[in-house]
Amino acid sequence: MDTLREARFLASTDEGLPPEPRSDRSARPTMSCVLPCRNEARNLDIVLPLLCELLPTLASAWEVILVDDGSTDGTAAVMRDWAGLPGFRVIQLSRNFGKEAALTAGLEAAAGDVVVLMDADLQHPPALIAEMMAHWHKGADMVYAVRTNRDEEGIVKRVGARLFYTLLNHFHRFKVPEGGGDFRLMDRSAVNALLALPERNRFMKGLYAWIGFDAVAIPYQPDARAHGRSHFGLQRLVHLSLDGLTSFATWPLRIVTVVGGCMALAGLAYGAFLTLSYLLWGHPISGWTTIVVSLLCFLGVQMIFLGILGEYIARIFEEVKARPLYVVRRELGRGLAVHPVGRP
């Protein structure tokens, strides 16, 4: 673990140790609710009152951690107003670092026995948290919501999602559940394990599955967004998919080796056939067409394989630079425990 991330991780309590998991699950725990936000000003005015009513019925003490991921509307002003109330904490990032970084910032700030991750756009119904808590009391370390269908999405997105999860889960000892997102409840033991992972290219859906623990899936269907629009367009989704594949799958590199070996053997076999054909029967060897077609084919395959290698090398380059995952501009409010986030 690098020095900066180790400092963040160990700063979670005054003693320099992460909060300990709660062994007794019969009583009500303390709860942290993390909401990454980008341009969600109008949605916050709806979802936060709902959480104010719900969380006291589920936890002995609670906090709501709002992470502003470079909003350009009135989100920061709305957060400042809520930060003046007990139990609300605001972490404002210096720019848009992406949802994975915002989630990590919220997890590093959370001090509850259980941590709930959810979006602020009301597509994740707060009422479902009560059902998640019921599974936690029964012993589950992680409870995540799985969407029942994708009928409202376009055919390109549905087919792309199915293809992505098929490729991602191939040859793995763990499976990333299709339809499972960031809406989940995690026990402190799972949160501590997640924060101990040092990589910066954080494909959170894969990390949730990689750490293991006893996980329970509950079905749900996302509600329509109350206000605004999704920030995950096709380009962002493709980029996230590449991050996921290069972070958790090495079979594309093995395919490069296998296909390269097969093409080399095919080339040797074809060369041997032409040589024997000429020596035994005197058949003339075609030149221009064979050479041009073969070169174009091999060059195209080589460029594809170089692109695959380049994706992995780019991820290595990002990791070895050891830049912080995010930069905090401002922190407001007070939750269960306050410690600085995002700096050693």
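Residues numbered from 1 in each chain as written. Predicted model: local features only at pLDDT ≥ 70, side-chain atom pairs only at ≥ 80, totals over all residues. Heavy atoms only, no water.

> Before we go on, may I ask you to explain the sheet that holds strand 7 (residues 215–220) in this structure?
Whenever strands of a sheet pair, they do so through backbone hydrogen bonds, lying parallel or antiparallel. If you trace the 8 strands from one edge of the open sheet to the other, you get 7-5-6-4-1-2-3-8, paired in mixed fashion. A strand with exactly one partner marks an edge of an open sheet, and here the two such strands are strand 7 and strand 8 (328–333). For this sheet, the mean angle separating the axes of adjacent strands, direction not counted, is 20°. The pairing of strand 2 (residues 61–68) with strand 3 (residues 88–93) spans 5 bridges and is parallel. In the strand pairing of strand 3, Val 64 is matched with Phe 88. Across the sheet, helix 2 (residues 41–58) is in contact with strand 1 (30–37), strand 2 and strand 3; its angle to strand 2 comes to roughly 155°. Each of strand 1, strand 2, strand 3, strand 4 (114–117) and strand 6 (180–187) touches helix 4 (residues 99–109); the most contacted strand, strand 2, lies at about 150° to it. (Pairing = 2+ DSSP bridges. Helix = DSSP H or I, 4+ residues; strand = E, 2+ residues; numbered from the N terminus. Axes fitted to C-alpha atoms, helices over the stretch in contact; angles between N-to-C directions. Contact = heavy atoms within 4.5 Å.)

> What am I meant to see in the nonpolar core here?
As a rule of thumb, soluble globular proteins bury nonpolar side chains together. Judged by nonpolar contacts, the single largest core of 39 residues is most densely connected at Met 31, Leu 35, Leu 44, Leu 48, Leu 51, Val 64 and Ile 129. At 8 residues, the largest contribution of residues to this core is made by helix 2. In contact with Ile 129, other than residues within four places in its own chain, are Met 31, Leu 51, Leu 54, Leu 58, Val 116, Met 118 and Phe 183. Listed in part, the 28 residues of the second largest apolar core include Leu 107, Ala 110, Leu 194 and Leu 197. (Core = buried A, V, L, I, M, F, W, Y, C linked by side-chain atoms within 4.5 Å. Buried < 20%, exposed > 50% of the residue type's maximum accessible area, 1.4 Å probe, protein only.)

> Looking at this structure, I do not really get the pairing of strand 5 (residues 142–147). What am I missing?
Taken residue by residue, a regular strand's side chains alternate between the two faces of the sheet. For strand 5, the tally of buried residues reaches 6 of 6 residues, placing the bulk of the element in the interior. Side chains Met 142, Tyr 144 and Val 146 of strand 5 all project onto a buried face; the interleaved residues Val 143, Ala 145 and Arg 147 project onto the opposite face, where all are buried too. Looking at chain direction, strand 5 and strand 6 are connected through 4 bridges and run antiparallel. Counterpart to Val 143 in the pairing with strand 6 is Leu 185.

> Could you clarify how one ought to interpret the packing of helix 2 against helix 3 (residues 75–83) in this entry?
To describe two helices that pack against each other, one gives the angle between their axes and the distance between the axes. Look at helix 2 against helix 3: their axes get within 9 Å of each other, and the N-to-C directions meet at 25°. Classified by the angle their axes make, helix 2 and helix 3 are roughly parallel. Crossing angle aside, the handedness with which helix 2 passes helix 3 is right-handed. Between helix 2 and helix 3, the contacting residues are Ala 41, Leu 44, Asp 45, Leu 48, Pro 49 and Cys 52 on the first element and Thr 75, Val 78, Met 79 and Trp 82 on the second. Partitioning the contact of helix 2 with helix 3 into residue classes produces 8 nonpolar, 1 polar and 1 charged. (Parallel < 35°, antiparallel > 145°, perpendicular 65-115°, else oblique. Left-handed = near helix turned anticlockwise from the far one by under 90°. Nonpolar A, V, L, I, M, F, W, Y, C, P; charged D, E, K, R; others polar.)

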